[in-house]
Amino acid sequence: MSESLFSAAGTDRQTIEQLRQIFKTRKRGEVPLAFVHTYGCQQNVADSEHIQGMLLQMGFAFTQDAEQADLILFNTCAIREHAEDRVFGNVGALKNLKRRCPEVLIALCGCMMEQEHVAERIKKSYPYVSLVFGPHQIPNFPKLLFTCVTQHERVFARGGETGEVPEGLPIRREGRFKAWLSVMYGCDNFCSYCIVPYVRGRERSRNPQAVLSEFRGLVEAGYKDITLLGQNVNSYGKKPDYGVNFAQLLRMLDEVPGDYRIRFMTSHPKDCTRELLDTMAGSTHIAHHLHLPFQSGNDRILKEMNRHYDRAKYLELVSYARRVMPDISLTSDVIVGFPGETYEEFLDTVSLIQEVEFTSLFTFIYSPRRGTRAASMPDPVPAKEKSRWFQELCKAQEAVAARRCAAAVGTVQRVLVEEEIPKKGLLTGRTGGNVVVDFPGDPALCGTFQHVRITNARNWILTGELVPPAGD
Ligand code: SAH
Ligand code: SF4
Ligand code: F3S
């Protein structure tokens, strides 16, 4: 685990120093310890890395054991009911810990906190939660924590969207070779089922020069797999208008010399252009991997979802991508049981996955989100029935994935070696298409690209053997 700090600009140095002094005496052990748990998407993971950067400046070290911690922070996700239930369950479980160790500070942040009814529930039913803040308040985290510990009061800081993009926050990256780099925040698409635009606010892009400079820093620091993040990276540069669209941004980054790979997510099909696909095909560093969520294979449902593309447009994009990159690996998200979806309409989704043959798929059962348009649509299909459809879809995708894995046997793949799995006595890594490959080798190879011949495919994990460099 690396603990790199970029500049501390953007956070209040003095407040951080004061907090450092306070936690020097408040700690239970040798050093103040923070337990940070992140739910949800990579955007949340990236936010947590900034929060941990701030905590590091305050003198905190990190623990995986909440029982040892002086500060417990959950960065929450609101995307589905199940995600929220898990958070409430885990916060509820902290009640005893707080009773035994009243000096432990419990904080909640992230997307869930932007929902009024969630904040109210925490206020009323979880009195041992001392600090609550939403995604727009992340740069203010030191100030909020300071108020909380010095005024001995509960702090709720929500909203506060300014339209500005925070720059220069400290960061503590979890990975040694893989890094997340946010290029834009928020979402303006208002897909009818989705809570994200309500909790993450309006779309805003980072200045391309700021992205380039952070990217260069990552390459120089030895990161090998850099994923550009945004809810819809394809609308990068529209707001504010820097005169650089996403394909152009990719070309700027691709020119940075070095041995590394660029990925990006998520791409919305409505803004996925041929220029983007041509850029991927012609680049030196961009992985031939496209995460392109289709959500449904049926045109009526896509319209009801407010997705602004139809099945034909999606398939046309896929076929162009395959024409310019025959080795492209496609992954996607799909929702089963959108309000009013019939079995016949659902079957269009099944046929689409069979037609496209995705490498892997994230499948979700529709979950109503309060305040979204879909939440007020009639939803007559019983949960049990949706569950059966869901199983049917998973089975269809399993067959597709098994076929694709089997077809990889005999090929040679360029793999970024990520870590050793001591239990298996193997190294593990990922192909450009983001497929896991296990193989025997020296752990000193971690963090390097190696060529691996695929010898076997089981349970969607490929196994293989190192191909010695030419001349050996
Ligand atoms: N911005 C990305 C998706 C972010 S959310 C995009 O548009 O592609 C990740 C996935 O969660 C979505 O692609 C969708 O498949 C799923 N999802 C979002 N809201 C949901 C809901 N209310 N119920 C079930 N799945 C949902
Ligand atoms: Fe949600 Fe749609 Fe925005 Fe993705 S593009 S975050 S699914 S509203
Ligand atoms: Fe969840 Fe927020 Fe991401 S709702 S999926 S953590 S943007």
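These figures come from a predicted structure and were not determined experimentally. (Residues numbered from 1 in each chain as written. Chains lettered and ligands numbered in written order. Predicted model: local features only at pLDDT ≥ 70, side-chain atom pairs only at ≥ 80, totals over all residues. Heavy atoms only, no water.)

**Notes on the packing of aromatic side chains**
- Applying the stated rule across the entire model yields 17 aromatic pairs.
- Between Tyr 39 and Phe 74 the ring centres are 5.9 Å apart and the planes differ by 85°, which places this aromatic pair in the edge-to-face class. Of this pair, Tyr 39 sits in the loop between strand 1 (33-38) and helix 2 (42-57) while Phe 74 is found in strand 3 (residues 71-76), placing the two residues 35 residues apart along the sequence. The two residues Tyr 39 and Phe 74 agree in class, both being buried.
- An aromatic cluster is built from Phe 294, Tyr 309, Tyr 314 and Phe 358, whose rings are joined through pairwise contacts.
- The positively charged end of Arg 121 is found above the aromatic ring belonging to Phe 88, 3.5 Å away from the centroid. (Phe/Tyr/Trp six-rings, centres within 6.5 Å; stacked < 30°, edge-to-face > 60°. Helix = DSSP H or I, 4+ residues; strand = E, 2+ residues; numbered from the N terminus. Buried < 20%, exposed > 50% of the residue type's maximum accessible area, 1.4 Å probe, protein only. Lys NZ or Arg CZ within 6 Å of the ring centre and 35° of its normal.)

**Some remarks on the domain arrangement of the chain**
- The domain architecture assigned to the chain consists of domain 1 (2-157), domain 2 (175-287), domain 3 (316-408) and domain 4 (410-466).
- On a C-alpha basis, the centres of domain 2 and domain 3 stand 25 Å from each other.
- The partner domain 3 presents 18 residues to the 12 residues of domain 2 that form the contact.
- Between domain 2 and domain 3, a total of about 1,300 Å² is buried, with carbon and sulfur atoms accounting for 68% of that surface.
- Three residues stand out in domain 2 for area buried against domain 3, namely Ser 192, Tyr 193 and Arg 274, and they jointly supply 46% of the buried area on that side. (Domains from an automatic or database assignment. Contact = heavy atoms within 4.5 Å. Buried area = accessible area lost by both parts, 1.4 Å probe.)

**Regarding the site of ligand 1**
- Neighbouring ligand 1 are 15 residues, the closest being Tyr 193, Gln 231, Gln 295, Asp 333 and Ser 367.
- Within the backbone of Tyr 193, one N or O atom sits 3.0 Å away from a nitrogen atom of ligand 1.
- Take Ser 367: an N or O atom from its main chain is 2.8 Å from a nitrogen atom of ligand 1.
- Protein coverage of the free-state accessible area of ligand 1, which is 540 Å², stands at 90%.
- Elements that contribute at least two residues to the shell around ligand 1 include exactly strand 13 (329-336) and strand 14 (360-365).
- When residues of the shell around ligand 1 are assigned to domains, at least three fall in each of domain 2 (175-287) and domain 3 (316-408). (Near = heavy atom within 4 Å. Polar contact = N/O pair within 3.5 Å; in protein donor to acceptor, adjacent residues only side chain to side chain. Areas by Shrake-Rupley, 256 points an atom, 1.4 Å probe, with all protein chains shown as cover.)

**Side note on the site of ligand 2**
- Taken together, the residues surrounding ligand 2 are Cys 187, Asn 189, Phe 190, Cys 191, Tyr 193, Cys 194, Val 196, Pro 197, Gln 231, His 268 and Arg 307.
- The residue makeup of the shell around ligand 2, split by class, is seven nonpolar, three polar and one charged. (Nonpolar A, V, L, I, M, F, W, Y, C, P; charged D, E, K, R; others polar.)

**Overview of helix 3 (residues 81-92)**
- For helix 3, spanning 12 residues, the distance from its first C-alpha to its last is 16 Å, which sits close to the expected 16 Å at 1.5 Å a residue.
- Every buried residue belonging to helix 3 is among Ala 83, Glu 84, Val 87, Phe 88 and Val 91, and all of these are buried. Down the axis of helix 3, the sector holding all buried residues measures 135°, keeping them to one side.
- Among the structural elements, strand 3, helix 4 (95-100), strand 4 (105-110) and helix 5 (116-125) are those in contact with the buried residues of helix 3. (Expected span 1.5 Å × (residues − 1). Arc of directions from axis to C-beta.)

**Focus: the sheet that holds strand 16 (residues 426-431)**
- Spatial ordering of the closed barrel is given by 15-16-17-19-18, a layout of five strands whose pairing is mixed. Recorded for the sheet is a direction-independent mean angle of 50° between the axes of neighbouring strands.
- With five bridges joining them, strand 15 (residues 412-421) and strand 18 (residues 449-458) adopt antiparallel strand pairing. Looking at strand 18, one finds that Val 415 is bridged to Gln 450. (Pairing = 2+ DSSP bridges. Axes fitted to C-alpha atoms, helices over the stretch in contact; angles between N-to-C directions.)

**A few points about the sheet that holds strand 5 (residues 131-133)**
- Read across the sheet, six strands follow the order 2-1-3-4-5-6 without closing on themselves; strand pairing throughout is parallel. Among the strands making up the open sheet, the edge pair consists of strand 2 (61-62) and strand 6 (155-157).
- Where strand 4 and strand 5 come together, three bridges link them in parallel fashion. Following the sheet pairing, Leu 108 is matched in strand 5 by Val 132.

**Some remarks on the layout of surface pockets**
- In this structure, the second largest pocket spans a volume of roughly 680 Å³.
- Lining the second largest pocket are 35 residues, with Val 165, Pro 166, Glu 167, Leu 169 and Tyr 185 sitting closest to its centre.
- When contributions to the lining of the second largest pocket are tallied by element, the ones reaching two or more residues are helix 2, strand 7 (178-182) and helix 8 (208-220).
- Classifying every residue of the lining of the second largest pocket by side-chain character gives 13 nonpolar, 14 polar and eight charged.
- Two domains share the lining of the second largest pocket, each providing at least three of its residues, namely domain 1 (2-157) and domain 2 (175-287). (1 Å grid on protein atoms, 1.4 Å probe; cavity = no way out; pocket = protein on both sides within 12 Å on 5 of 7 lines; lining within 4 Å. Points joined across faces, edges and corners; volume = space filled by probe spheres on them.)

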